[in-house]
Amino acid sequence: MPALSAKLLALLIAALSGVTMAVQGTINAALSKIVGLLEATFIVHLVGLLLVAVLLFGLGMGGGQAVNLSQVPWYYYLGGVLGVLIIYAVMRSIPRVGVAPATTAIIVGQVLTASLIDHLGLFGMEKLPFTWYRLLGALLMAGGAWLLLKK
C-alpha cells in the first residue's frame, strides 16, 4: 500500500472516530440526564470493560504483550483516569451548549494539545515543529466554535 494511501486510510479512520465521538457524547449525555453524571460515567466504562473482556478473553483477539506491563512508565496508566474525565466532561458540556459547539471545542483543545505534544515530542512521539499554519488552523477552528455558539 503506497504511503499516501496508508495516510488517507488513517485519516479516514480518524474521521470515523470523530463521528463515533459525536454520537457517543450525545448518547452519554442523554444517559446522564436519566441516571446522573457519575452513574452514567460508571455505566459507560463498565460496558466498555465488558466488551474488551469479551474481545480479549472470550474471543482471544488480543495479540499484545501484557507480560511487558512492568516495563510501562507509571504515567501511561493515566489513560484510564483521563478517559473518565473525558466522558464526564463531554456529558456535562453537551446538554449545556449542544453537540456541535461542544465537539468543536473538544477538537480545538485536542488540536492545540496535540500540536504541543508533537512539537515537544512527548510520550515518545516524533518531534513535529509547531508552525504558523497549525496556529492559523487552530485559530480558525476556535473561530468556528465561537460561531457555532451564536444563535
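Please read these numbers as outputs of a predicted model, since none were measured by experiment. (Residues numbered from 1 in each chain as written. Predicted model: local features only at pLDDT ≥ 70, side-chain atom pairs only at ≥ 80, totals over all residues. Heavy atoms only, no water.)

Caption draft 1: Quick peek at the overall build of the protein. When you go through the protein residue by residue, the secondary structure sums to 5 helices and 0 strands. Along its sequence from the N terminus, the protein presents helices and strands in the succession α-α-α-α-α. Oriented by its inertia axes, the alpha-carbon framework of the protein measures out at about 50 × 45 × 35 Å. Looking at the 151 residues of the protein, the share that counts as buried comes to 15%. A total accessible area of about 11300 Å² is found for the protein, and carbon and sulfur atoms account for 76% of it. (Helix = DSSP H or I, 4+ residues; strand = E, 2+ residues; numbered from the N terminus. Buried < 20%, exposed > 50% of the residue type's maximum accessible area, 1.4 Å probe, protein only. Areas by Shrake-Rupley, 256 points an atom, 1.4 Å probe, with all protein chains shown as cover.)

Caption draft 2: Spatial organisation of the packing of aromatic side chains. Scanning the entire structure with this criterion turns up 3 aromatic pairs. Geometrically, the ring pair formed by tryptophan 74 and tyrosine 75 is edge-to-face, given 5.7 Å between the ring centres and 90 degrees between the ring planes. The interplanar angle of 50 degrees and the centroid separation of 6.2 Å between the aromatic rings of tyrosine 75 and phenylalanine 123 together place this pair among those described as tilted. Of this pair, tyrosine 75 sits in the loop between helix H2 (37-58) and helix H3 (78-97) while phenylalanine 123 sits in the loop between helix H4 (99-120) and helix H5 (132-149); the two residues are 48 residues apart in sequence, bridging distant segments of the chain. A relative accessible area of 37% means that tyrosine 75 is categorised as partly exposed. (Phe/Tyr/Trp six-rings, centres within 6.5 Å; stacked < 30°, edge-to-face > 60°.)

Caption draft 3: How the structure looks around the packing of H2 against H3. H3 packs onto H2 with a crossing angle of 130 degrees between their chain directions and a minimal axis gap of 10 Å. The orientation of H2 with respect to H3, classified from their angle, is oblique. H3 is crossed by H2, and the crossing has right-handed handedness. Note on element contacts: H3 touches H2 through Gly83, Val84, Ile87, Tyr88, Met91 and Arg92, opposite Leu37, Leu38, Ala40, Thr41, Val44 and His45. A breakdown of the residues in the contact of H2 with H3 according to their chemical character gives 8 nonpolar, 3 polar and 1 charged. (Axes fitted to C-alpha atoms, helices over the stretch in contact; angles between N-to-C directions. Parallel < 35°, antiparallel > 145°, perpendicular 65-115°, else oblique. Left-handed = near helix turned anticlockwise from the far one by under 90°. Contact = heavy atoms within 4.5 Å. Nonpolar A, V, L, I, M, F, W, Y, C, P; charged D, E, K, R; others polar.)

Caption draft 4: A look at the environment of leucine 120. Topologically, leucine 120 is positioned in helix H4. Residue leucine 120 is classed as partly exposed on the basis of its relative accessible area, which comes to 43%. Residues leucine 120 and phenylalanine 130 lie 10 residues apart in sequence; the distance between their C-alpha atoms is 9.0 Å.

Structural measurements only, silent on function.
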